[in-house]
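Chain by chain, the residues run as shown.
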Amino acid sequence: MRPRWCAPAVGLLASALLASGAGCAGPVDPVERPGTTEAHKGHGHAPSAASYRRWGLPSPLAPAPKPPERPTVRTGARPGPPPVVDRIPTRDKVVFLTFDDGAEKDPRFVDMVRELRLPVSMFLTDSIVGPGYAHFGRLRAVGATVQNHTLDHPRLPGLPYAGQRAEICGQQEKLKQHFGIRPRLFRPPYGAYNDDTLRAAADCGVAAVVLWRASMNINDLSYFEGNHLRPGDIVLAHFRRPSELNGASLTEMTTRLLRRIQEQGFTVARLEDYL
Ligand SMILES: [Zn+2]
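Along each chain, numbering runs from 1 in the same order as the chain's sequence is written. In keeping with the predicted nature of the model, local features appear solely for residues at pLDDT of at least 70, side-chain atom pairs appear and are counted solely at 80 or more, and the whole-chain, interface and lining totals rest on all residues. As a rule here, side-chain values cover all heavy atoms of the structure and leave hydrogens and water aside.

Under an unreviewed UniProt entry, the protein chain has the name Polysaccharide deacetylase family protein and belongs to Streptomyces montanus.

Structure (structure tokens):
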């Protein structure tokens, strides 16, 4: 199934689309948008070069460019299935960091996200987070955002519609209980979905289904196509334990990931600013 893009909010085409009501002017859902927490409001200056060095980066990441005025992918603007997104249409040399599941709860990662002001979208699975939601609450308090990755991490196309809906809506409820928000974004486990998944996601209030174009392994990125990042790529990583990282910590893995991004001349932006 092909992703369904909104026209980028640039140029005459977009203006015409917006004027005709066919553009990206979907209703703004107040939940889990940037600017809704203290951490997102920012406290002025960017992280210092010393902060980057402390976390193993040779130089600071470039500041993220100003995000678009309106989300660049049409979400929730009209009835029907949500868009499936693996890359954001942009010319900016930005990529987006997503961390999945929620197994590892390394407190140092909270320090890293806070000190580097890393925009991180967390796709959480209830049965994997287990009793550890408070850790993700701390990450959220320093600017990470919470999104939905099902209750039990099944391969959704193997379930009937009702089962898929229970997995997605059930996790919306859990996240509402823990964080007071109902996520707008959903990622199906293994990136596997069918028409029932999209219908269930829509019924559970999901505005966009988020896949990825590049994924972080222990040391390096792998790409869906080619051998380098492209503007707007969504990058998949996991909250992995040292036992799954050849003994490295989650923060060490993240440093390697940031170096790969930096080496290719990219920086990191916040997914929710574009979706
Ligand atoms: Zn997963």
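Having seen the structure, we can now continue with the description.
Quick look at the coordination of the zinc ion
With water omitted from the atoms examined, metal sites may look incomplete; donors here are N, O and S atoms no farther than 2.8 Å from the metal, or 3.2 Å in the case of Na, K and Ca. Bound to the zinc ion are the protein donor atoms Asp101 (OD), His149 (NE2) and His153 (NE2), situated 2.0 to 2.1 Å from the metal. On the primary sequence, the residues serving as donors to the zinc ion are separated as D-x47-H-x3-H. Taken together, the residues aspartate 101 in strand 2 (residues 94–101) and histidine 153 in the loop between strand 4 (145–148) and helix 7 (161–179) connect sequence positions 52 residues apart. There is no split in this pair, since aspartate 101 and histidine 153 are both buried. In this description a helix means any DSSP run of H or I spanning at least four residues, a strand means any run of E spanning at least two, and both kinds are numbered starting from the N terminus. Using a 1.4 Å probe on the protein chains alone, a residue whose accessible area is under 20% of its type maximum counts as buried, one over 50% counts as exposed, and one in between counts as partly exposed.

A closer look at the packing of helix 6 (residues 133–141) against helix 7
Only the contacting stretch of a helix is used when fitting its axis, a line to C-alpha atoms as for every element, and angles between N-to-C directions run 0 to 180 degrees. Following both chains from N to C, one finds helix 6 and helix 7 inclined at 70 degrees, their axes separated by 11 Å at the closest point. Comparing their axes, helix 7 and helix 6 come out roughly perpendicular. Across from Tyr133, Phe136, Gly137 and Arg140 in helix 6, the residues of helix 7 making contact are Gln171, Lys174, Leu175, His178 and Phe179. Note on residue classes: Ala, Val, Leu, Ile, Met, Phe, Trp, Tyr, Cys and Pro are nonpolar, Asp, Glu, Lys and Arg are charged, and everything else, Gly too, is polar. Residues that form the contact of helix 6 with helix 7 fall into these classes: four nonpolar, three polar and two charged. Here roughly perpendicular refers to angles of 65 to 115 degrees, roughly parallel to angles under 35, roughly antiparallel to angles over 145, and oblique to all remaining angles. Any two residues having at least one pair of non-hydrogen atoms within 4.5 Å are treated as being in contact.

A few points about the pairing of strand 3 (residues 120–124)
Along strand 3, five of the five residues are buried, which leaves the element largely enclosed by surrounding structure. Across the two faces of strand 3 the burial is the same, with Val120, Met122 and Leu124 and Ser121 and Phe123 all buried. Here, any two strands with at least 2 DSSP bridges between them count as paired. Bridge count for strand 2 against strand 3 is five bridges, and the pairing is parallel. For leucine 97, the partnering residue across the bridge sits in strand 3 and is valine 120. Assignment of crossover handedness uses the view with strands pointing away from the viewer, where a clockwise path from the first strand over the helix to the second indicates a right-handed crossover. With helix 4 (residues 107–116) bridging strand 2 and its parallel neighbour strand 3, the resulting β-α-β unit is right-handed.

Describing the confidence of the model for the protein chain
Averaged over every residue, the pLDDT of the protein chain is 86; residues scoring 70 or more account for 83%. Predictor confidence is given residue by residue as pLDDT, running from a minimum of 0 to a maximum of 100. Here residues 1–30 scores under 50 on pLDDT; set against residues more than four positions off or in separate chains, the count is 43 contacts. Counting contacts from residues 34–43, a segment whose pLDDT is below 50, to residues more than four positions away or on other chains yields 18 contacts.

Some remarks on the packing of helix 7 against helix 8 (residues 195–203)
Across the interface, helix 7 lies against helix 8 with an axial gap of 9 Å and an inter-helix angle of 45 degrees. With respect to their mutual orientation, helix 7 and helix 8 come out oblique. Taken as a pair, helix 7 and helix 8 cross one another with a handedness that is right-handed. Across from Tyr161, Gln164, Arg165, Ile168 and Cys169 in helix 7, the residues of helix 8 making contact are Asp196, Thr197, Arg199, Ala200, Ala201 and Asp203. Residues that form the contact of helix 7 with helix 8 fall into these classes: five nonpolar, two polar and four charged. Two helices crossing with the near one rotated counterclockwise from the far one by less than a right angle form a left-handed crossing, whereas a clockwise rotation gives a right-handed crossing.

Observations regarding helix 4
Inspection of helix 4 places Phe109, Val110, Met112, Val113 and Leu116 among the buried residues, and these make up the whole buried set. For helix 4, the arc enclosing every buried residue in end-on projection is 160 degrees, short of the 170-degree limit, so these residues lie on one face. Where helix 4 is buried, its residues contact helix 3 (49–54), strand 2, strand 3, helix 6 and helix 9 (250–263). The definition of a polar contact used here is a pair of N or O atoms within 3.5 Å, where within protein one atom must be able to donate a hydrogen and the other to accept one, and adjacent residues in sequence count solely through side-chain atom pairs. By the N-cap criterion, in which a side-chain oxygen at the helix start approaches the backbone nitrogen of a residue two or three places on, helix 4 is capped by aspartate 106, the distance to arginine 108 being 2.8 Å. Phi for arginine 117, located one or two positions after helix 4, is positive at around 50 degrees. The directions considered for the arc run from the helix axis to the C-beta atoms.

So, the pattern of salt bridges
What makes a salt bridge here is a side-chain nitrogen of Lys or Arg within 4 Å of a carboxyl oxygen of Asp or Glu, nothing more. Using the criterion set out here, one finds twelve salt bridges in the structure. A salt bridge links arginine 182 to glutamate 173; the nearest nitrogen and oxygen atoms lie 2.4 Å apart. Glutamate 173 gets classed as partly exposed once you look at its relative accessible area, which sits at 38%. Salt bridges sharing common partners tie together Asp86, Arg87, Arg213, Glu225 and Asp233.

A word on the packing of aromatic side chains
Any two rings among Phe, Tyr and Trp, with Trp reduced to its six-membered ring, count as a pair given centres within 6.5 Å; such a pair is stacked if its planes are under 30 degrees apart, edge-to-face if over 60, and tilted if neither. Summed over all chains, the structure comprises six aromatic pairs. Taking 5.9 Å as the distance between ring centres and 90 degrees as the angle between the ring planes, the aromatic pair formed by phenylalanine 109 and phenylalanine 239 counts as edge-to-face. With phenylalanine 109 in helix 4 and phenylalanine 239 in the loop between strand 9 (234–238) and helix 9, this residue pair connects regions lying 130 residues apart in the sequence. For the residue pair phenylalanine 109 and phenylalanine 239, the accessibility class agrees, reading buried in each case. Plain terms: the ring middles of tyrosine 133 and phenylalanine 179 are 5.9 Å apart, the flat faces sit at 70 degrees to each other, and that makes the pair edge-to-face. On the criterion of sequence distance, the pair formed by tyrosine 133 in helix 6 and phenylalanine 179 in helix 7 is long-range, its members being 46 residues apart. For the pair tyrosine 133 and phenylalanine 179, one class covers both residues: buried. An aromatic cluster is built from Phe99, Phe109, Phe136 and Phe239, whose rings are joined through pairwise contacts. The aromatic ring of phenylalanine 123 is capped on one face by arginine 187, whose charged end is 4.6 Å from the ring centroid. A ring is considered to have a charge above it if a Lys NZ or an Arg CZ atom is located within 6 Å of its centre and within 35 degrees of its normal.

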